[in-house]
Amino acid sequence: MIQIGLRSQPDEVIFATAKENGEIIITGDLDFADERVWPTDHKGIIILRVWPNLTPELMVPDIVAHLARLSPSDIEGNIVVLEPGHVRIRRKPE
């Protein structure tokens, strides 16, 4: 995973940059959860919900385990929400 230095940039800039570079957006910003706002021709949006009372060192193994269970078709063009013990996938319309 590469951080491309867009923290605090408008969501539209982050989305356009990720789309242009063919990259998945991984974020905690719930604004990206609105599938009505974002076109489906992207590599995927993964939203990390907060793991309460856990440090990043304790969250990462759980997040990695969630991601390992996903196939590329689960991610591409979809919005994936990772929560403690749960994964939701909002699939693009067929």
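Residues numbered from 1 in each chain as written. Predicted model: local features only at pLDDT ≥ 70, side-chain atom pairs only at ≥ 80, totals over all residues. Heavy atoms only, no water.

Student: Would you take a moment to explain helix H1 (residues 11-21) for this structure?
Tutor: Because the α-helix completes a turn every 3.6 residues, residues three or four places apart line up on one side. Looking at H1, one finds that the buried residues are Asp11, Ile14, Phe15 and Ala18. All buried residues of H1 project into a common sector of 95° when viewed along the axis, lining one side. In H1, the exposed residues that point more than 90 degrees away from the buried face are Glu12 and Glu20. Looking at the buried positions of H1, the neighbouring elements they touch are strand E1 (25-27) and strand E2 (45-48). Two residues or fewer past H1, glycine 22 is found with a positive phi of approximately 65°. (Buried < 20%, exposed > 50% of the residue type's maximum accessible area, 1.4 Å probe, protein only. Helix = DSSP H or I, 4+ residues; strand = E, 2+ residues; numbered from the N terminus. Arc of directions from axis to C-beta. Contact = heavy atoms within 4.5 Å.)

Student: Any chance you could explain the pattern of salt bridges here in plain terms?
Tutor: Pairing is possible between side chains of opposite charge, provided their charged atoms come close. Tallied over the full model, the rule gives 6 salt bridges. Here glutamate 76 ties to lysine 43 by a salt bridge, and the two come within 3.5 Å at their closest N and O atoms. Pair noted here: glutamate 76 is in the loop between helix H3 (72-75) and strand E3 (79-83) and lysine 43 is in the loop between E1 and E2, with a separation of 33 residues, a long-range link. Residue lysine 43 is classed as partly exposed on the basis of its relative accessible area of 37%. Note that aspartate 74 is salt-bridged to arginine 91, the shortest N-O span being 2.8 Å. With a gap of 17 residues between them, aspartate 74 in helix H3 and arginine 91 in the segment after strand E4 (86-90) connect regions that are remote in the sequence. Note on arginine 91: relative accessible area 49%, which makes it partly exposed. (Salt bridge = Lys/Arg side-chain N within 4 Å of Asp/Glu carboxyl O.)

Student: Looking at this structure, I do not really get the packing of aromatic side chains. What am I missing?
Tutor: In this description, an aromatic ring pair is defined by two values, namely the gap between the centres and the angle between the planes. A complete count under the given rule lists 2 aromatic pairs for this structure. Ring centres of phenylalanine 32 and tryptophan 38 lie 4.9 Å apart, and the angle between their planes is 25°; this geometry places the pair in the stacked category. Per residue, the accessibility class of phenylalanine 32 equals that of tryptophan 38, and both read buried. (Phe/Tyr/Trp six-rings, centres within 6.5 Å; stacked < 30°, edge-to-face > 60°.)

Student: Can you help me understand the nonpolar core in this one?
Tutor: Ranked by size, the top nonpolar core spans 12 residues in total: Leu6, Ile14, Phe15, Ala18, Ile25, Phe32, Ala33, Trp38, Ile45, Ile47, Ile79 and Val81. The greatest single-element share of this core, amounting to 3 residues, is contributed by H1. Once you skip the residues sitting within four places of it in the chain, isoleucine 25 turns out to touch Ile14, Phe15, Ala18, Phe32, Gly44, Ile45 and Ile46. Of all hydrophobic cores here, the second largest spans 7 residues; its members include Ile46, Met59, Ile63 and Leu82. (Core = buried A, V, L, I, M, F, W, Y, C linked by side-chain atoms within 4.5 Å.)

All we've got here are geometric facts, nothing functional implied.
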